[in-house]
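Below, each chain spelled out in residue letters.
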Amino acid sequence: MKKLVGVIVILLVIFIGMYIYRSNINKKNVSAQEVQEIQEYISKIYMWQEITENALPKFNNINEAPDLWIWEVVKKNLENYELTYKEIQEKSIEIFGNRFEKKFPEKGSEYIHYNEELKKYVTTGIGLDTLDDSFYIKNIKQTENGYKVEIVEYLEDYENAMNAESEEEIYDIYIKNLNEELIETFKSNETETKAIELVKKNVNKFTSKTVNLVKQEGKIFVESVE
């Protein structure tokens with residue numbers, strides 16, 4: 001529950017990666033470690049609809065991706081919240097690779113403002129709703145220089161968590177498609193993989209996209225999204 005209870009811990013990422021590897025993916029020539037690396041990378045660049053309009057927009061080339069999404073991905077992965085221009089630009093290359101040619105605007109972006117007093121760029125807080133933008137990896141195919149990854153997108157609605165009187169209280173979590181249509185329901189005391197099982201069961205009711213990744217010097221970078 002990245003919006004209501006913080007970021008997913010690394011053990012959960014590994015568990016989900018292994019679960020996907022065993023249950024969902026065309027496993028030919030793709031190792032469990034590769035699945036984990038792909039899961040972690042897509043999680044880094046997967047955003048929030050209420051902020052960037054699309055959690056993961058479609059684009060033919062990373063340099064054609066929407067500016068708002070680009071710089072919010074960079075912001076999401078920052079360790080510090082007061083940065084120099086150089087630090088922001090270096091982070092963008094770290095995330096998107098050497099093929100990335102966009103330059104951070106010197107005047108700042110919508111949520112990264114230049115502070116004259118500090119002589120640095122300062123990130124601002126963002127208000128998020130109760131909808132957790134999520135995905136699961138349906139299939140991975142190796143390509144000549146990387147991977148073609150099919151993902152299924154869905155929303156987990158934690159509206160009922162707002163009325164919970166304690167962390168131990170069990171409440172309903174709604175699974176919705178990107179049109180916010182209710183598809184399934186599961187309980188807050190069930191594992192995250194329960195949501196994936198329910199999405200798989202109704203896969204035709206959800207949006208799917210293909211994420212094309214390239215691998216350079218042992219690192220994965222997004223090339224395009226179809």
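Residues numbered from 1 in each chain as written. Predicted model: local features only at pLDDT ≥ 70, side-chain atom pairs only at ≥ 80, totals over all residues. Heavy atoms only, no water.

1. Description of the pattern of salt bridges
Condition: A pairing counts as a salt bridge when a side-chain nitrogen of Lys or Arg comes within 4 Å of a carboxyl oxygen of Asp or Glu. Only DSSP runs of H or I reaching four residues or more are called helices, and only runs of E reaching two or more are called strands; each is numbered from the N terminus. For each residue, the accessible area found with a 1.4 Å probe, counting protein chains only, is set against the maximum for its type, and the residue is called buried under 20%, exposed over 50%, and partly exposed in between.
Evaluation of the coordinates by the stated rule reveals 13 salt bridges. Across the pair Glu223 and Arg99 runs a salt bridge, and its minimum N-O distance is 2.7 Å. Of this pair, Glu223 sits in strand E9 (residues 219-225) while Arg99 sits in the loop between helix H5 (85-96) and strand E2 (112-115), placing them 124 residues apart in sequence. Given a relative accessible area of 39%, Arg99 falls into the partly exposed group. For Asp172, the salt bridge goes to Lys187, with nearest N and O atoms at 2.6 Å. Residue Asp172 is located in strand E6 (residues 172-176), and its partner Lys187 is located in strand E7 (residues 182-187); the two are separated by 15 residues in the primary sequence.

2. Details of empty space enclosed by the protein
Our working rule: Think of a 1 Å grid over just the protein atoms. A cavity is a set of points where a 1.4 Å probe fits yet cannot get out, a pocket is an open set with protein on both sides within 12 Å along at least five of seven lines, and lining residues have an atom within 4 Å of a point. Grid points are joined across faces, edges and corners, and a volume is the space filled by probe spheres set on the points. Ten residues, namely Ala, Val, Leu, Ile, Met, Phe, Trp, Tyr, Cys and Pro, are considered nonpolar, four, namely Asp, Glu, Lys and Arg, are considered charged, and the remaining ones, Gly among them, are considered polar.
Tallied over the entire structure, the rule returns one cavity of 30 Å³ or more. Here the largest cavity is characterised by a volume of approximately 30 Å³. Lining the largest cavity are Tyr46, Gln49, Asn54, Ala55, Leu56, Asp133, Glu153, Leu178 and Lys209. For the lining of the largest cavity, the residue count by class is four nonpolar, two polar and three charged.

3. With respect to unusual backbone geometry
Here the phi dihedral of Glu180 falls at roughly 65°; this positive angle occurs in a residue that is not glycine. Within the secondary structure, Glu180 is located in the loop between E6 and E7. Look at Glu217: it is not a glycine, yet its phi comes out positive at around 50°. On the basis of relative accessibility, which here comes to 81%, the residue Glu217 falls in the exposed class.

4. Quick word on the pairing of E2
If a strand is regular, its side chains alternate between the two faces of the sheet. Cut-off, in case you're wondering: At least two DSSP bridges between two strands are needed for those strands to be called paired.
Examined bridge by bridge, E2 and strand E3 (residues 120-123) share four bridges and lie antiparallel to one another. Its bridge partner being in E3, Asn115 is matched across the sheet by Lys120. The loop that links E2 with its antiparallel partner E3 comprises four residues; one of these, Lys119, has a positive phi angle of about 60°.

5. Observations concerning the packing of aromatic side chains
Cut-off, in case you're wondering: Only rings of Phe, Tyr and Trp enter the pairing, Trp through its six-membered ring, and a pair is recorded when the two centres are within 6.5 Å. The plane angle decides the type: under 30 degrees is stacked, over 60 is edge-to-face, the rest tilted.
Enumeration over the complete set of coordinates arrives at eleven aromatic pairs. Look at Tyr46 and Phe135: their rings are 5.0 Å apart centre to centre, the planes differ by 45°, and that puts the pair in the tilted class. Of this pair, Tyr46 sits in the loop between helix H2 (32-45) and helix H3 (49-52) while Phe135 sits in strand E4 (residues 131-142), and the two are 89 residues apart along the sequence. Pairing Tyr154 with Phe206 gives two aromatic rings, centres 6.4 Å apart and planes at 80°, and the pair type is edge-to-face. Here Tyr154, found in strand E5 (residues 146-157), pairs with Phe206, found in the loop between helix H6 (192-201) and strand E8 (207-216); they are 52 residues apart in sequence, far enough to count as distant.

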